[in-house]
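Spelled out, the chains give:
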Amino acid sequence: MKVIEIKNLKKTYRLEKLDVPVLHGVNLEITQGEFVAIMGQSGSGKSTLLNILGLLDKPSEGSYKLAGIETSNYSNNELAALRNCYLGFIFQQFNLLPKLTILENVSLPAIYTDSKDKETFRDSLKLLDMVGLSERIKHRPSEVSGGQQQRAAIARSLINKPLIIFADEPTGNLDTKSSKEIIKILEDLNNTGITIIMVTHEAELTACATKIVKIQDGLIISDKKIAEKSSSNPVFQKKTFKHKTFSLVRKFRDYFKEASRSLLGNKMRSILSVLGIMMGVASLIAMSAIVNGAKRGIAKDIANLGKPDILLVVPSCSQNNTYIKLNIDDIDDLKKNVSGIRTVSGGCYQREQLNIATNSKNCNTMLIGVSAVYADLKNYYISDGRFFTETENREKKKVAVLGKTVIKKLYGDENFNPTGKYIKINRTDFQVIGVLQAKGSREWRDEDNKVIIPLNTALYRTFGTKELEFMDVQVNEDADITKVSESIIKRLLFMHRLPATERNAVRVINMNEIKKTLSSATRTFTYLFGSIAFISLLIGGIGIMNIMFVSVSERTKEIGLRKAIGANNADILFQFIIESVFVCCIGGIIGILFGSGLSVITGKFAGWAIYITPFSIGFAFCFSGLIGLTFGVWPARKAALLNPIDALRHD
Ligand SMILES: Nc1ncnc2c1ncn2[C@@H]1O[C@H](COP(=O)(O)OP(=O)(O)OP(=O)(O)O)[C@@H](O)[C@H]1O
């Protein structure tokens, strides 16, 4: 049976502006089981012909039938499958992958087939035994001699049980003894029915050939059959030349294995790739931790501002150095005479910190005197006991509500319930009637380090003053807050007998405005830090792309070899994309750990609130994978589209 039939085959290489015709209409027939030696002078076109016969290159013109089927109708992927299943290659340069062991090199073509791992392992061992390399399976190519490398390459070419073996000057780099050994192996293989097509310069190596084809200036000048030999390889009849498909799961497992192998094989390059993305992810995590911490703090501040629609009234200094001395009568006056007001709370606090003593323990804290409605307006919740009533306020009762920090300082345990007990404020006994629910501390400010007493008690018994420091005015829901604010100023100026020109003697602050400002500051923070982190990740991604391009360029020969032994475009594309995604995900994980550690340490030293959310961790990880995918596609595509023979010839 004719296994190869070519008619009028031409090949012209196209250089930039120059056409180089190499084969000028070659006709050749090879029968199954033959051992063909192709000979000719250097530059005559032997390798070009062999590469076309081996489906590594395409002819410019003419017909090439492999097993009776025209090959020009096959797609690139089908050609890859044909190379993988039916053809074996032995190169002058051996083309073993230096980072893989001899055993791994031999098994390599099997990863592009559907054969089982165990089978491949067993077959590889058998083949290595056959070529006399059983003792060297764990060695790397650089650790064995040239002859041994070529024997390993022969074993590799046999792993998928090929029907034809193409050998391009297989002994070109070997000494005489090794050359003889290699030719002997090829002869033995030919005796099992495998067709051998070998390019050689050396006439003595053609002793075992059954046919010698001589080529000169791109034309066959002699095609001489020396011995009659043909075989009817039973495998040949069983096999069909069609593209095989096999489990995607297995394919991806192999891509993953190849990617990790290649990353481990190029540690320095992998570390550099990981580093770039790691820094990007670390900055993303650190920034999101800081922004989320700040957001939480701001949210707490907003909550501490109390109910919505509250106006804070505070004395202020006008241009004439006048300021309104707010007093307790203003509270009732505003309630009565300004429409749109729901309730008013007055307040004063001791700026100098007080000494509160009980059981001989002292504690410095903030003493605040407020109206009974204050707790409701400012969202103060009581964890034990109760807040004081308006009656207790009017009757100047000596009762106090304590914050958790005060309790901890006085009783040693913040969970202690001191209701009913007495504490001394300025040598006067106050009964503790309630405990404030913890609000937490924010940077230097501890919201729980306070004692609240009724306003009248504070003014008349403790502070000895009639001046209020602030008033909180809650506005009706349907009222226009700006108008109410204006009316309050007018009423206070009137009550304190000040002209309208002194309107700056009091300030009315709209808490809603403050809330809006805080929220918009949070948003600005998020966008600012988010874009910085995004840019640093982008830079990391561009770094990955550069390194991947370098990797593709460094490994062009490897890509050529993989394609020669059967990898199709998708195999190469996925291998490189998975490598890039894999590197980015590892960079992402290290970046998450590094960024979290960094933000916690920075937070401790700078006194910033830090909050690392599971979302930001998940987002950083997925985003780093996405960066790997996005920036890996271009280099991977470049690798996938390489022509096998051009890639193999790459230096
Ligand atoms: N990719 C290419 N682009 C342009 N010219 C090429 C290319 N490959 C080969 N050639 C040219 O084609 C001609 C034949 O090359 P080929 O490698 O087939 O010769 P050969 O007979 O195998 O030679 P040798 O025995 O020295 O390997 C040479 O002149 C070579 O320069």
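Residues numbered from 1 in each chain as written. Predicted model: local features only at pLDDT ≥ 70, side-chain atom pairs only at ≥ 80, totals over all residues. Heavy atoms only, no water.

Named according to an unreviewed UniProt entry, the protein chain is ABC transporter domain-containing protein originating from Endomicrobium trichonymphae.

The helix and strand tally for the protein chain stands at 20 helices and 22 strands. For 651 residues, the compact-globule formula gives about 26 Å, and the C-alpha radius of gyration of the protein chain, at 43 Å, lies well above that figure. Taken along its principal axes, the extent of the C-alpha atoms in the protein chain is 130 × 55 × 40 Å. At a minimum sequence separation of 6, the contacts of the protein chain that also span at least 24 residues come to 78%. Surface accessibility of the protein chain: about 30,800 Å² in total, with carbon and sulfur atoms responsible for 56%. Distance between charge centres in the protein chain, computed from 85 positive and 64 negative side chains, equals 3 Å. (Helix = DSSP H or I, 4+ residues; strand = E, 2+ residues; numbered from the N terminus. Rg over C-alpha atoms; globule rule 2.2 N^0.38 Å. Contact = heavy atoms within 4.5 Å. Areas by Shrake-Rupley, 256 points an atom, 1.4 Å probe, with all protein chains shown as cover. Lys, Arg positive; Asp, Glu negative; His and termini not counted. Charge placed at Lys NZ, Arg CZ, Asp CG, Glu CD.)

With that settled, the discussion passes to the pattern of salt bridges. As enumerated under the stated definition, the model contains 23 salt bridges in all. Close ionic contact of Lys161 with Asp123 constitutes a salt bridge, the shortest N to O distance being 3.3 Å. Placement of Lys161 in the loop between helix H5 (146–158) and strand E7 (164–168) and of Asp123 in helix H4 (residues 117–130) is noted, with a sequence separation of 38 residues between them. Exposure remark for Asp123: the relative accessible area of 15% places this residue in the buried category. The salt bridge partner of Arg555 is Glu579, with a shortest N-O separation of 2.9 Å. (Salt bridge = Lys/Arg side-chain N within 4 Å of Asp/Glu carboxyl O. Buried < 20%, exposed > 50% of the residue type's maximum accessible area, 1.4 Å probe, protein only.)

What follows concerns the confidence of the model for the protein chain. A low pLDDT score tells you not to read the predicted coordinates there in detail. With 93% of its residues at a pLDDT of at least 70, the protein chain reaches an overall mean of 86. Taken together, the stretch residues 234–243 has pLDDT below 50 and engages in 23 contacts with residues farther than four places along the chain or on a different chain. (pLDDT = per-residue confidence, 0-100.)

This part is about the site of the ligand. The environment of the ligand is made up of 14 residues, and the closest members are Ser42, Gly43, Lys46, Ser47 and Thr48. Contacts to the ligand include Ser42, whose side-chain N or O atom sits 2.6 Å from an oxygen atom. The separation between an oxygen atom of the ligand and a polar main-chain atom of Gly43 is 2.9 Å. Summarising the interface, the protein chains cover 67% of the accessible area of the ligand, which totals 620 Å² for the free molecule. The biggest single contributor to the shell around the ligand is helix H1 (residues 46–53), with three residues. Of the residues belonging to the shell around the ligand, the class tally is three nonpolar, eight polar and three charged. (Near = heavy atom within 4 Å. Polar contact = N/O pair within 3.5 Å; in protein donor to acceptor, adjacent residues only side chain to side chain. Nonpolar A, V, L, I, M, F, W, Y, C, P; charged D, E, K, R; others polar.)

For the rest of this paragraph, the subject is the packing of aromatic side chains. Applying the stated criterion to the full structure yields 13 aromatic pairs. Taking the centre distance of 4.8 Å and the plane angle of 65° together, the rings of Phe256 and Phe582 count as edge-to-face. Here Phe582 lies in helix H18 (residues 569–606) and Phe256 lies in helix H8 (residues 248–265), a separation of 326 residues in the sequence. Each residue in the set Tyr349, Tyr374, Tyr380 and Phe470 is aromatic and connected to the rest through ring pairs, giving one cluster. (Phe/Tyr/Trp six-rings, centres within 6.5 Å; stacked < 30°, edge-to-face > 60°.)

Further remarks concern the UniProt feature "transmembrane region" (unreviewed entry) in the protein chain. Following the UniProt record, the feature "transmembrane region" (unreviewed entry) maps to residues 271–291, 525–552, 572–596 and 608–634 here. End-to-end, the C-alpha atoms of residues 525–552 are 40 Å apart, and along that stretch the chain is 100% helix and 0% strand. With 100% helix and 0% strand, residues 572–596 has end C-alpha atoms that lie 36 Å from one another. (UniProt positions renumbered as here; feature names shortened; annotations may be inferred.)

Attention now moves to the sheet that holds strand E3 (residues 35–40). A sheet is described by the order of its strands in space; here six strands give the open sequence E6-E7-E8-E3-E9-E10, paired in mixed fashion. If you trace the sheet from one side to the other, it starts and ends with strand E6 (87–90) and strand E10 (219–225), each paired once. Ignoring strand direction, the axes of neighbouring strands in this sheet form an average angle of 15°. Sheet analysis places E7 next to strand E8 (residues 195–199), joined by five bridges and oriented parallel. (Pairing = 2+ DSSP bridges. Axes fitted to C-alpha atoms, helices over the stretch in contact; angles between N-to-C directions.)

Attention now goes to the environment of Ile565. Here Ile565 is to be found in the loop between helix H17 (556–564) and H18. When the C-alpha atoms of Ile565 and Val313 are compared, they prove to be 83 Å apart, with 252 residues separating the residues in sequence. Ignoring sequence-local partners within four residues, the contact set of Ile565 consists of Asn84, Leu108, Pro109 and Tyr112.

Each assigned domain of the protein chain is listed here: domain 1 (2–245), domain 2 (262–301 + 517–649) and domain 3 (325–497). Its C-alpha centre places domain 1 at a distance of 42 Å from the equivalent point of domain 2. On the domain 2 side, the residues contacting the 19 residues of domain 1 number 20 residues. Each partner contributes to the roughly 1,700 Å² buried at the junction of domain 1 and domain 2, and carbon and sulfur atoms together form 59% of this total. The three residues of domain 1 that bury the most area against domain 2 are Leu56, Leu97 and Tyr112, which together make up 32% of that side's buried surface. Seen at the junction of domain 1 and domain 2, the total is four residue pairs in polar contact (both at pLDDT 80 or more). Counted by class, the side of domain 1 that touches domain 2 contains ten nonpolar, five polar and four charged residues. (Domains from an automatic or database assignment. Buried area = accessible area lost by both parts, 1.4 Å probe.)

Attention now moves to the pairing of strand E20 (residues 450–454). In terms of burial, E20 is a largely internal element, five of the five residues being buried. Two elements, strand E13 (residues 364–370) and E20, share five bridges in a ladder whose sense is parallel. Residue pairing across strands places Val370 opposite Pro454, the latter belonging to E20. The pairing of strand E15 (residues 399–402) with E20 spans two bridges and is classified as antiparallel. Bridged to Leu402 within E20 is Val451.

Right, let's talk about a nonpolar patch on the surface for a bit. A cluster of nonpolar residues, Met279, Ile586, Ile590, Phe594 and Leu598, forms a patch on the protein surface that exposes about 410 Å² of accessible area. A per-element tally of the nonpolar patch places H18 first, with four residues. By the element assignment, Phe594 lies in helix H18. We classify Phe594 as partly exposed; its relative accessible area is 37%. (Patch = residues over 30% accessible without salt bridge, like charges linked within 9 Å, V, L, I, M, F, W, Y side chains within 5 Å.)

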